[in-house]
Amino acid sequence: ACEGVCIMFQLKPVKKNDPNNPSKKIEDYWETSQKQVLVDAKKLLEDLMDFDKDNIPDKVIQTITPYIEREDFDPAAIKKASVACEALCLWVRAMYKYHFVAKAVEPKRKLLKQAESELAECQEKLEAAQSRLREVQTKIEALEAEFNAAVQKQKELQDDMNLCEVKLQRAHKLICGLGGEKARWGQNVQDLNAQLGLLPGDCIVAAGMVSYAGPFTSQVRGECEELWRKELGELDMPHTKGCSMSTVLGDPVKIQQWVVCSLPNDQLSIENGIIIDRARRWPLMIDPQRQANKYIKNMGKDTETGIDVCKLSEKNFLRTLELGIQFGKWILLENIGINLDPALEPVLGQQKIKDGSGYVIKLGDKSVTYTETFKFFMTTTLPNPHYSPETSVKVTLLNFAITPSGLEDQMLGIVVAKERPDLEEEKNNLVVQNAKNNKILKDIEDDILRLLATSEGDVLEDDTLVDKVTDSKAVSDDINEKKKVAEVTEKNIDTARESYRPVAFRTAVLFFCIVELTNIDPMYQYSLQWFQKLFTIAIDTSPKAEDLDERLGILKSFFTEQLYQSICRGLFEKDKTLFSFALCTSILRGDKMMDDTELRFLLVGPTSDMVEKGPHVPEDWVGKQRWNEILTLNTLPAFSGFADYFATNTAEFKRIYDSVEADKEPLPGPWEEKLTPLQKICFIRAMRIDCLKAALITFISKQIGHKFVEPPTFDISKSFADSVNTTPLIFILSPGTDPVSDVIAFADKLGMLKRFESISLGQGQGPKAMKLIETAQGGGGWVLLSNCHLMESWMPSLEAIVEQFNPDNMQTSFRLWLTSMPAKSFPVQVLQNGVKMTNEPP
């Protein structure tokens, strides 16, 4: 091992004689090892570590090779002798092996070095190129940034240009869409600004009408408004000249919708509609002709929740009301009387209680959830009810009694629908279509104004607004075109319809004539429905004619006669002439052929004593009372100078005074030719009032025909023919009459005697009467209830029974016969819808 180290370090051995062959010299490395290698272990370790293993001479390798190949130069074998020598052996072998490895690697190292040199050179070139590239890329990035900025600028400019074009288009659309509204809206703004300062006075008039004017007639309402406007003027409170509730609170579009729903198109009814719409308290409508009833029902049908109709006489009316409150329905309570059910108190007082996020109301012993869409309406058919102050302050009382103009329009609709159904249908369709179109136009305008008001920023950037205006303009133009066509069509239709106006006017006059009969006797009650049904039958049964004027004349005369016949069957003899005169005067007044002052004198006579301060009584037979009548008569324009002529010609007038038939005597002097028939009757009243009835009969006969002074005789079969199973037949009794035998004989004639039951009402008979009616309804029999006036307490029950008559639940042959003396307690609705008869003893 030491030899190997010496050879590797190129240390020269010591020449010594070979013990085996003294003639030869051998190389001995031990001494060299001792002196140069092993002398200093630390130095040896450093020499071993610092040995130049990369540059071992080939000679050294050749010298050491035999040692490497020797078997005893093995680290394991040497280890047995010395561990240190083992390490030296390992080092020598390692250096030997490294030499050959390095020799094989050296070319590669050179190549590596060369490659590294080339790499370094290339790296320098690369860095230079990369540096130049970075400079170029920097320039490119700068150019790209400039390019992108230019592109972005171009895009912004393009977008601005596109937006500008869009805005121009939108502006054009807005100008086209709203250009026509500029003048109108501008004027509206001016008007509204002007009205703003006048609102206090206008609101006082409108609020006063809503609060207080409901129960009054149209004339009284007008007087109230005029009085309030006068007071406002005296107090210098700003208000619109001629302001009224209709102008302040009325919405033309909404009113048109109400008219479509059968609200009569007259001022009183329109005011009622406004009060219903605006008042806080629930309305109680005085509705003898059931106009309000029909209107509310039609309005309720158009609501989302619908309408329920009930009566106080129904057992489950509180349940209906409860469900209406809970589900937000409209509730119409029909045919209420003077007194209201105490259970309605919370509803009338709107006694809502906050409960969480909603409200509840106490109804009976239940708490019912209150829905805001709930509305409550009440109607009564009583023509002139007197409600207590306690009731009046809880409701909004409304007078819905029909007006002449409103009734005339309705009757015109009926006659045109019968005579020219094509016209009436087209007219109704136009009314509905016009109302619908006006509502659409109003909604469009409201939407546009709302969008304009809520639009933020530039209105030209609001697509919704511009599209709405564009669409609205198209719809508006289309509707306006349709309206122009409709206006022409409606004008033509109205012209054709107006030709039937005389018939409608006559029927309206006749209705108000028969309505006043209730002032004579409470049993003389007639409903509008009965009147219209009679008119419809008259149109169908009247003689036909091709000529329109001839047909109109036939309709007027035929219906007048039919009405006279029907009414007279239910009048007492003493009232038939009075009715004929009322009928005659109503017709003449309607035709402007009668002077109201002359009629007033005929009906009322003198209202003051003119004898005391006037001329003396000319003759004793004249007397103070008759002379006062003549002096009063002298104040009428047609009788100017009559008193003086009478005083100077008393002998001629004495002839009339002494005549048995004074009404047939000619008047003295020029007065016979000068006076009209009505004025002659006024003279008869003043001269011989006992002959007045005969004079009136002659007058009626000459004016409207002799048939109107010949009442029809009692005929139970004609009255029966006018009835149906839901129509009661009512005998109005007079002292000494008993029609029971007539009814029994008539029942026998029609084969109904076996199904005929009768009962005389009195104490305790109510339940039995109800049972008889119930049985007869199912079996198709007849029931006669006699002497209804003797059981006033049961009359509300009778009214409830008749109210609940349903033709679907009873036999068509069923009839209810009633007899009663005139009595205010007799149910009005039964009277209005029943067929009335009288049969007085001779």
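For the structure, check the block above.
Just so it is clear, the structure is predicted and the values come from calculations on it, not from any experiment. (Residues numbered from 1 in each chain as written. Predicted model: local features only at pLDDT ≥ 70, side-chain atom pairs only at ≥ 80, totals over all residues. Heavy atoms only, no water.)

Participant: Any details on empty space enclosed by the protein? Residues and values, ideally.
Facilitator: All chains considered together, the criterion is met by one cavity of 30 Å³ or more. Counted as a void, the largest cavity has a volume near 40 Å³. Lining the largest cavity, in full, are Leu-249, Gly-250, Asp-251, Lys-254, Ile-255, Trp-258, Ile-274, Asp-277 and Arg-278. Counting residues per element, the ones that place at least two in the lining of the largest cavity are helix 10 (252–260) and helix 11 (267–278). Class assignment of the residues belonging to the lining of the largest cavity gives a composition of four nonpolar, one polar and four charged. (1 Å grid on protein atoms, 1.4 Å probe; cavity = no way out; pocket = protein on both sides within 12 Å on 5 of 7 lines; lining within 4 Å. Points joined across faces, edges and corners; volume = space filled by probe spheres on them. Helix = DSSP H or I, 4+ residues; strand = E, 2+ residues; numbered from the N terminus. Nonpolar A, V, L, I, M, F, W, Y, C, P; charged D, E, K, R; others polar.)

Participant: Would you mind going over the side chain of Lys-576 in detail, with residue names and values included?
Facilitator: Mapped onto the secondary structure, Lys-576 falls in helix 22 (residues 573–590). The class of Lys-576 is buried, set by a relative accessible area of 5%. Not counting chain neighbours up to four residues away, the residues in contact with Lys-576 comprise Cys-568, Leu-571, Pro-711 and Pro-712. (Buried < 20%, exposed > 50% of the residue type's maximum accessible area, 1.4 Å probe, protein only. Contact = heavy atoms within 4.5 Å.)

Participant: I'd like a rundown of the packing of aromatic side chains, residues and numbers included.
Facilitator: What the rule picks out here adds up to 36 aromatic pairs. Where Tyr-564 meets Phe-708, the ring centres are 5.4 Å apart and the plane angle is 65 degrees; that geometry is what we call edge-to-face. Note that Tyr-564 is positioned in helix 21 (residues 548–568) and Phe-708 in the loop between helix 29 (692–704) and helix 30 (716–721), a separation of 144 residues in sequence. Here Tyr-564 matches Phe-708 in class, with each residue buried. (Phe/Tyr/Trp six-rings, centres within 6.5 Å; stacked < 30°, edge-to-face > 60°.)

Participant: Let's hear about the nonpolar core: which residues, and what values?
Facilitator: Within the largest apolar cluster, 110 residues are counted, with the highest numbers of intra-cluster contacts made by Ile-514, Phe-531, Phe-579, Phe-683, Leu-785 and Leu-816. With near-sequence residues (within four places) excluded, Ile-514 lies in contact with Tyr-526, Trp-530, Phe-531, Leu-563, Ile-567 and Phe-579. (Core = buried A, V, L, I, M, F, W, Y, C linked by side-chain atoms within 4.5 Å.)

Participant: Quick one: what's the story with the pairing of strand 3 (residues 283–286), residue by residue and with numbers?
Facilitator: By the alternation rule, side chains of strand 3 split into Pro-283 and Met-285 and Leu-284 and Ile-286, which are all buried. Examined bridge by bridge, strand 3 and strand 10 (residues 396–399) share four bridges and lie parallel to one another. Each bridged residue has a counterpart across the sheet, and for Ile-286 the counterpart in strand 10 is Asn-399. Note that strand 3 and strand 9 (residues 375–380) share three bridges and pair parallel. Paired with Leu-284 across the bridge in strand 9 is Met-378. (Pairing = 2+ DSSP bridges.)

Participant: With reference to specific residues and values, describe the environment of Asn-21.
Facilitator: With respect to the helices and strands, the residue Asn-21 is situated in the loop between strand 1 (14–17) and strand 2 (25–28). The exposure class assigned to Asn-21 is partly exposed, which follows from its relative accessible area of 27%. For the pair Asn-21 and Asp-521, spaced 500 residues apart in sequence, the C-alpha separation works out to 187 Å.

Participant: I'd like to hear about the sheet that holds strand 6 (residues 352–355), residue by residue, with values.
Facilitator: One open sheet holds the three strands; their spatial order is 6-7-8, and the pairing between them is antiparallel. Of all the strands in the sheet, just strand 6 and strand 8 (366–370) have a single pairing partner and so form its edges. Each neighbouring strand pair of the sheet contributes to a mean axis angle of 40 degrees, computed without reference to strand direction. Here strand 6 runs beside strand 7 (residues 358–363); their pairing, made up of four bridges, is antiparallel. Along strand 7, the bridge assignment pairs Lys-354 with Tyr-359. Contacting strand 7 and strand 8, helix 13 (residues 317–327) crosses the sheet at an angle of about 40 degrees to strand 8. (Axes fitted to C-alpha atoms, helices over the stretch in contact; angles between N-to-C directions.)

Participant: Account for a nonpolar patch on the surface, naming residues and giving values.
Facilitator: Together, Leu-133, Val-136 and Ile-140 give the surface a local cluster of nonpolar side chains, amounting to about 240 Å² of exposed area. Mapped onto the elements of the fold, Leu-133 is located in helix 6 (residues 83–196). (Patch = residues over 30% accessible without salt bridge, like charges linked within 9 Å, V, L, I, M, F, W, Y side chains within 5 Å. Areas by Shrake-Rupley, 256 points an atom, 1.4 Å probe, with all protein chains shown as cover. Salt bridge = Lys/Arg side-chain N within 4 Å of Asp/Glu carboxyl O.)

Participant: Quick rundown of the packing of helix 10 against helix 17 (residues 421–454)? Include the residues and the values.
Facilitator: The description of two packed helices rests on the angle between their axes and on the distance between the axes. In contact at an axis separation of 9 Å, helix 10 and helix 17 are set at 150 degrees when each is read in the N-to-C sense. It follows from the interaxial angle that helix 10 and helix 17 lie roughly antiparallel. At the point where helix 10 passes helix 17, the crossing takes the left-handed sense. Taking contact as the criterion, the partners of Val-253, Gln-256, Gln-257 and Val-260 in helix 10 are, on helix 17, Val-431, Val-432, Asn-434, Ala-435, Lys-436, Asn-438, Lys-439 and Lys-442. Taken together, the residues of the contact of helix 10 with helix 17 break down into five nonpolar, four polar and three charged. (Parallel < 35°, antiparallel > 145°, perpendicular 65-115°, else oblique. Left-handed = near helix turned anticlockwise from the far one by under 90°.)

Any link to function would need more than the numbers given here.
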